[in-house]
Amino acid sequence: MEKINYQKILDETLREVEKRETPPRLLLHSCCGPCSTYVLEYLSAYFEITVYYYNPNIYPPEEYRFREAEQEHLIDVLPARYPIHFQAAPYDPETYFQAVQGMEDLPEKGLRCTVCFRLRLEQAARFAKSHGFDYFTTTLSLSPHKNSQLLNTIGGELAEEFGVPYLFSDFKKKNGFKRSTELTATYGMYRQDYCGCKFSLAARREQD
């Protein structure tokens, strides 16, 4: 299957957004503060953004709370053309563990990760629908380790299901990941060395 150029689609969407008299409201699911740096810098020139922090996969709870605080702090200090808001979702790890039950031993980037992506994006779509957002999307495609084709496919399916447009994107393009490392250094942010879930942490420790 031929890969879709989601950066080109995003460019076209942003050209249309620029024609609006007021910025549309975007619900941005964020996996962590560092990944949101470049995305917020980029998209806050076009949208009024609410960062939606919903990540029941993150383990342990102390790590979750730290990442959430880093995300909120970044929003407080990052310059932006349009307002950036923060919306914390409840931390409910049991929802994640139930979703991936039976997949605990699968390797990274496999079915367990796909289920995790859909779980978080579905909740973002549901929140976007119930709160009247114009678009929703996720920071996840910034990571070189995440499959943007898969993420955008899931986003597009959920857009049809919930009736809220998905902002198709591939934030690793345009040196997005490189810019995120520069911004995290500028703001002195913590960069985690594992994806976030219990299973990725165990895999990381096995490598040490």
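Conventions used here
- Residue positions within a chain follow its written sequence, with the count starting from 1.
- Totals for whole chains, interfaces and linings use every residue, but because this is a predicted model, local features are given only for residues with pLDDT of at least 70 and side-chain atom pairs only at 80 or more, for both listing and counting.
- Computation of side-chain values covers all heavy atoms of the structure but excludes hydrogens and water.
- A helix here means a DSSP run of H or I that spans at least four residues, while a strand means a run of E at least two residues long, and both kinds are numbered starting from the N terminus.
- We compute the radius of gyration from the C-alpha atoms alone; for a globule the expected value is 2.2 Å times N to the 0.38, where N is the number of residues.
- The classification of residues rests on relative accessible area computed with a 1.4 Å probe and restricted to protein chains. Under 20% of the type maximum is buried, over 50% is exposed, and intermediate values are partly exposed.
- Note on definitions: a residue-residue contact is assigned when non-hydrogen atoms from the two residues lie within 4.5 Å.
- Methods summary: accessible areas were calculated by the Shrake-Rupley approach with a probe of 1.4 Å, and residue burial reflects only the protein chains presented.
- As used throughout, the charge tally considers Lys and Arg to be positive and Asp and Glu to be negative, leaving His and the chain termini uncounted.
- The atom standing in for a charge is NZ when the residue is Lys, CZ when it is Arg, CG when it is Asp and CD when it is Glu.
- The span expected for a helix works out to 1.5 Å for each residue beyond the first.
- Pairing of aromatic rings covers Phe, Tyr and Trp, the last counted by its six-membered ring, and requires centre-to-centre distances within 6.5 Å; plane angles under 30 degrees mean stacked, over 60 mean edge-to-face, and any other angle means tilted.
- The criterion is that NZ of a Lys, or CZ of an Arg, lies within 6 Å of the ring centre and within 35 degrees of the ring normal, and then a charge sits over that ring.
- Counting rule for disulfides: a pair of cysteine sulfur atoms within 2.5 Å.
- For two strands to pair, DSSP has to find at least two bridges joining them.
- Handedness of a crossover: with both strands directed away from the viewer, a clockwise path from the first strand across the helix to the second marks it as right-handed.

Looking only at helices and strands, the chain has eight helices and four strands in total. Ordered by position from N to C terminus, the α and β elements of the chain give α-β-α-β-α-β-α-α-β-α-α-α. A compact globule built from 208 residues should have a C-alpha radius of gyration of about 17 Å, and the chain, at 16 Å, falls within 12% of that. In terms of overall dimensions, the chain has a C-alpha envelope of 50 × 40 × 35 Å along the principal axes. A total of 208 residues make up the chain; the buried ones form 49% of that total. Within the chain, contacts between residues separated by at least 24 positions form 75% of all contacts whose residues are at least 6 apart in sequence. For the chain, the computed accessible surface area is about 10400 Å², with 50% contributed by carbon and sulfur atoms. For the chain, the centre of its 25 positive side-chain charges and the centre of its 29 negative side-chain charges are spaced 4 Å apart.

Once that is clear, we can look at helix H5 (residues 111–130). For H5, spanning 20 residues, the distance from its first C-alpha to its last is 29 Å, which sits close to the expected 28 Å at 1.5 Å a residue. Turning to H5, its buried residues are Arg112, Cys113, Cys116, Phe117, Leu119, Arg120, Leu121, Ala124, Ala125, Phe127 and Ala128. Once H5 finishes, Gly132 follows within two positions and takes phi at roughly 70°, a positive value.

Counting through the fold element by element, Leu183 comes out in helix H7 (residues 176–186). A C-alpha to C-alpha distance of 9.8 Å links Leu183 and Cys35, two positions 148 residues apart in sequence. In this structure Leu183 touches Thr37, Tyr38 and Glu41, once residues within four positions along its chain are discounted.

Applying the stated criterion across every chain, the model contains 16 aromatic pairs. Residues Tyr42 and Tyr46 carry aromatic rings whose centres are separated by 6.4 Å and whose planes lie at 85° to one another, so their mutual orientation is edge-to-face. In this structure, Tyr42 and Tyr46 share a single accessibility class: buried. When the ring of Phe127 is compared with that of Phe133, the centres are 6.4 Å apart and the planes differ by 40°; the resulting orientation is tilted. This pair shows no difference in class: Phe127 is buried, exactly as Phe133 is. Among the aromatic side chains, those forming a connected cluster through ring pairs are Tyr6, Phe136, Tyr166 and Phe168. Directly above the aromatic system of Tyr194 lies the positively charged group of Arg67, at a separation of 5.1 Å from the ring centroid.

Glancing now at the state of the cysteines. Summed over all chains, the structure comprises zero disulfides. Between Cys35, a cysteine without a disulfide, and Cys32, which holds the nearest cysteine sulfur, the sulfur-to-sulfur distance is 3.6 Å. Judged by relative accessible area, which is 11%, Cys35 ranks as buried.

Judged by how many residues are buried, strand E2 (residues 48–53) sits mostly within the fold: five of six residues are covered. Here strand E1 (residues 25–29) pairs with E2 via five bridges, running parallel. Of the residues in E2, the one forming a bridge with Leu28 is Val51. The parallel pair E1 and E2, bridged by helix H2 (residues 33–43), forms a crossover whose chirality is right-handed. Note: E2 against strand E3 (residues 84–88), five bridges, orientation parallel. Its bridge partner lying in E3, Val51 is registered against Phe86. Each parallel crossover has a hand, and for E2 linked through helix H3 (residues 61–77) to E3 it is right-handed.

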